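Overview (structure and organization)
Each chain, written out:
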Protein chains: 2
Amino acid sequence: MARKTGSHSEITGPLIRQAAEELFAEHGYAAVSMRQIAAKVGVQAGALYNYTADKQSLLFDMMQAHMDDLLAAWGAEDKGQGPMDALEAFTRFHIRYHLARPKAVFIAYMELRNLTPENFQVIEDLRKTYETHLEDILQAGKDDGAFTLADTKLAAMAVIAMLTGVTTWYRDDGRLTQDRIERVYWNMVRKAVGA
Amino acid sequence: MARKTGSHSEITGPLIRQAAEELFAEHGYAAVSMRQIAAKVGVQAGALYNYTADKQSLLFDMMQAHMDDLLAAWGAEDKGQGPMDALEAFTRFHIRYHLARPKAVFIAYMELRNLTPENFQVIEDLRKTYETHLEDILQAGKDDGAFTLADTKLAAMAVIAMLTGVTTWYRDDGRLTQDRIERVYWNMVRKAVGA
DNA sequence: GCTTGATCTGAACGATTGTTCATTTATCAC
DNA sequence: GTGATAAATGAACAATCGTTCAGATCAAGC
């Protein structure tokens with residue numbers, strides 16, 4: 001009963017990635033079976049292997065794409081003039097970007113230990129690159145006296161943890177608009193770095 | 001070949017909990033088998049069921065104990081005088097307590113979705129109780145003018161996320177002493193709440 | 001030294017896992 | 001229509017899963 005109506009190859013592939021993302025985010029990589037993913041797409045388990053080498057690739061490709069997109073999006077972002085503008089841009093960008101794709105973010109943080117060592121290193125390097133972008137902003141602001149920071153690296157970790165934390169409690173139908181959250185957080189970040 | 005030397009019941013129980021904690025923290029609950037836990041203790045899988053009803057209880061009991069201990073420890077903590085002292089006490093306590101038991105903390109944050117709905121609710125309530133302790137401090141400080149906060153709930157989430165983030169990068173043999181980390185973070189928290 | 005009871009083994013259970021592959025089906029080009 | 005090819009089925013694979021339990025083994029009480 002293969003190929004019921006029309007050609008499926010350009011549709012099944014994305015559907016599989018989407019189903020995998022939703023299931024991984026909800027139950028965790030290790031707790032999700034290939035058969036569950038297939039069932040969500042409406043296909044048998046064997047068909048998945050026309051689109052992915054194995055289960056691990058499904059996870060890795062998804063995480064790598066997420067990190068690549070994140071870095072590209074930040075690269076394309078308008079960063080204004082000087083460290084202060086850049087830090088506000090980073091704060092707002094990070095919140096906005098992460099809230100727009102909660103599942104991918106969740107997976108990127110939770111499933112690191114389910115990557116093979118080689119795959120883990122690739123993702124870890126991308127994550128480190130992103131962190132360094134923030135660290136560079138903070139360092140520049142410290143150098144020109146805009147920020148007061150005891151430890152730039154620590155501050156970078158603190159800011160990222162604080163901002164990413166938003167994804168754990170934010171709800172689309174919640175009490176606060178996204179713009180208000182951005183403004184409140186930017187206020188806290190600004191004060192925390194002594195500006 | 002049961003019972004090689006001496007009575008083991010008082011020793012095997014804790015060993016199982018410890019082995020489970022280490023394995024869950026390293027590989028995740030779903031990725032760890034009862035046989036792996038048993039092997040780490042040096043026992044057959046069947047023996048585990050003298051000490052736990054099932055795998056789920058192993059996870060739940062461990063998470064509940066962690067949250068109970070956390071709440072009890074904060075209850076016993078010296079909170080000084082007024083919101084400012086209390087916030088510093090909370091900041092330092094949270095960092096110190098969490099860095100002392102990284103595995104339990106990691107599990108408590110990562111394995112929530114592997115709890116049954118009933119078990120999840122119990123842990124979630126305990127987590128919420130802890131959050132409320134911080135929220136109360138911030139609210140008291142806002143009321144008496146010690147803190148400047150646009151949104152108390154948001155600030156509580158931001159502070160907890162920032163502090164808990166320490167566990168993701170801290171290493172015992174790292175660049176910074178624990179006391180220095182506490183001081184740097186307290187400085188950032190203090191400034192972030194406008195005090 | 002025998003009995004009792006706690007503790008563990010070792011085998012077994014049905015179910016499920018990721019993955020492979022021969023086969024079937026549907027579509028497209030001609 | 002016919003042949004080629006892409007796409008999916010469905011059965012099969014060895015391995016592993018959580019859990020149960022009868023039986024073996026040891027320590028302690030009398």
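Residues numbered from 1 in each chain as written. Chains lettered and ligands numbered in written order. Predicted model: local features only at pLDDT ≥ 70, side-chain atom pairs only at ≥ 80, totals over all residues. Heavy atoms only, no water.

A closer look at the overall build of chain A
On a plain count of helices and strands, chain A comes out with nine helices and zero strands. Beginning at the N terminus, the succession of helices and strands in chain A can be written as α-α-α-α-α-α-α-α-α. When the backbone C-alpha atoms are referred to their principal axes, chain A occupies close to 70 × 40 × 30 Å. When the 195 residues of chain A are sorted by exposure, 47% land in the buried category. For chain A, contacts bridging at least 24 residues in sequence account for 69% of all contacts bridging at least 6. (Helix = DSSP H or I, 4+ residues; strand = E, 2+ residues; numbered from the N terminus. Buried < 20%, exposed > 50% of the residue type's maximum accessible area, 1.4 Å probe, protein only. Contact = heavy atoms within 4.5 Å.)

Focus on the interface of chain B and chain A
If you look at the interface, chain B gives 36 residues, while chain A gives 36 residues. The contact between chain B and chain A buries some 2,800 Å² in all, and 63% of this surface belongs to carbon and sulfur atoms. It is Arg113(B), Leu154(B) and Lys191(B) in chain B that bury the most area against chain A; as a group they hold 25% of the surface buried on that side. Here chain B is connected to chain A by four salt bridges. Here Asp151(A) makes a salt bridge to Arg175(B), at a shortest N to O gap of 2.9 Å. (Buried area = accessible area lost by both parts, 1.4 Å probe. Salt bridge = Lys/Arg side-chain N within 4 Å of Asp/Glu carboxyl O.)

What to know about the side chain of His66(A)
Checked against the element boundaries, His66(A) lands in helix α3 (residues 55-75). Taking relative accessible area as the criterion, His66(A) reaches 7% and is therefore assigned buried.

Considerations on the nonpolar core
Grouped together as the largest cluster of nonpolar side chains are 122 residues, with contacts concentrated most on Ile37(A), Tyr185(A), Ile37(B) and Tyr185(B). What Ile37(A) contacts, discounting residues up to four positions off in sequence, is Ile16(A), Ala19(A), Ala20(A), Leu23(A), Phe24(A), Val32(A), Leu48(A) and Leu58(A). (Core = buried A, V, L, I, M, F, W, Y, C linked by side-chain atoms within 4.5 Å.)

Digging into the relation of the copies chain B and chain A
Overlay of chain B on chain A (RMSD 0.0 Å): rotation 180°, translation along the axis 0.0 Å. Taken together, the rotation angle and the small translation identify this as a two-fold axis. Take the interface residues of chain B: 100% of them recur as interface residues in chain A, which is what a same-surface contact looks like. (Least-squares fit on C-alpha atoms with pLDDT ≥ 70 in both.)

Quick notes on the side chain of Gln56(A)
All names here are of chain A. Within the secondary structure, Gln-56 sits in helix α3. Taking the relative accessible area as the measure of exposure, Gln-56 reaches 15% and is therefore buried. Residue contacts for Gln-56: discarding those within four places in its chain leaves Tyr-29, Asn-114, Leu-115, Thr-116 and Asn-119.

Notes on helix α9 (residues 178-192) of chain B
Residue and element names in this part refer to chain B. With 15 residues, α9 should cover 21 Å at 1.5 Å per step; its first-to-last C-alpha distance of 21 Å lies within 8% of that length. Among the residues making up α9, those that are buried are Ile-181, Glu-182, Val-184, Tyr-185, Trp-186, Met-188, Val-189 and Ala-192. Positioned one or two residues after α9, Gly-194 has a phi angle of 75°, which is positive. (Expected span 1.5 Å × (residues − 1).)

With respect to the domain arrangement of chain A
All names here are of chain A. Along its sequence, chain A is organised into domain 1 (1-52) and domain 2 (54-192). On a C-alpha basis, the centres of domain 1 and domain 2 stand 29 Å from each other. Tallying the contact residues gives 15 residues for domain 1 and 13 residues for domain 2. Each partner contributes to the roughly 1,300 Å² buried at the junction of domain 1 and domain 2, and carbon and sulfur atoms together form 70% of this total. Inspection of the region where domain 1 meets domain 2 yields one salt bridge. When the shortest N-O distance is used, the salt bridge between Glu-22 and Lys-103 registers 3.9 Å. Those elements giving two or more residues to the side of domain 1 that touches domain 2 turn out to be α1 (9-27) and α2 (34-41). Broken down by element, the side of domain 1 that touches domain 2 gets its largest block of residues, seven residues, from α1. (Domains from an automatic or database assignment.)

Digging into the environment of Ala30(B)
Residue and element names in this part refer to chain B. Relative to the elements of secondary structure, Ala-30 occurs in the loop between α1 (9-27) and α2 (34-41). In this structure Ala-30 comes out as partly exposed when scored by relative accessible area, which is 31%. Sequence separation of Ala-30 and Lys-55 is 25 residues, and the distance between their C-alpha atoms is 9.8 Å.

Re the packing of aromatic side chains
Scanning all chains against the criterion turns up 10 aromatic pairs over all chains. Between Trp74(B) and Phe93(B), the aromatic rings sit 5.3 Å apart at their centres with planes inclined by 45°, giving tilted as the arrangement. One end of the pair, Trp74(B), is in helix α3 (residues 55-75); the other, Phe93(B), is in helix α4 (residues 82-100), with 19 residues separating them in the sequence. Phe93(B) matches Trp74(B) in its accessibility class, with the two residues each being buried. Among the aromatic residues, those joined into a cluster by ring pairs are Trp74(A), Phe90(A), Phe93(A), Tyr97(A) and Tyr130(A). Geometry around Tyr97(A) places Arg101(A) over its ring, the cationic atom sitting 3.7 Å from the centre. In this arrangement the basic side chain of Lys55(B) is found over the ring face of Tyr29(B), its NZ or CZ atom lying 4.4 Å from the centre. (Phe/Tyr/Trp six-rings, centres within 6.5 Å; stacked < 30°, edge-to-face > 60°. Lys NZ or Arg CZ within 6 Å of the ring centre and 35° of its normal.)

Here's the deal with the packing of helix α6 (residues 117-143) of chain B against helix α7 (residues 152-164) of chain B
Residue and element names in this part refer to chain B. In the contact formed by α6 and α7, the axes pass within 9 Å of each other and the chain directions differ by 125°. The angle between α6 and α7 falls in the class oblique. Here the hand of the crossing between α6 and α7 comes out right-handed. Contact with α6, carried on its side by Tyr-130, Glu-131, Leu-134, Glu-135, Leu-138, Gln-139 and Lys-142, involves Thr-152, Lys-153, Ala-155, Ala-156, Met-157, Val-159 and Ile-160 of α7 and no other residues of that element. Here the residues of the contact of α6 with α7 sort into eight nonpolar, two polar and four charged. (Axes fitted to C-alpha atoms, helices over the stretch in contact; angles between N-to-C directions. Parallel < 35°, antiparallel > 145°, perpendicular 65-115°, else oblique. Left-handed = near helix turned anticlockwise from the far one by under 90°. Nonpolar A, V, L, I, M, F, W, Y, C, P; charged D, E, K, R; others polar.)

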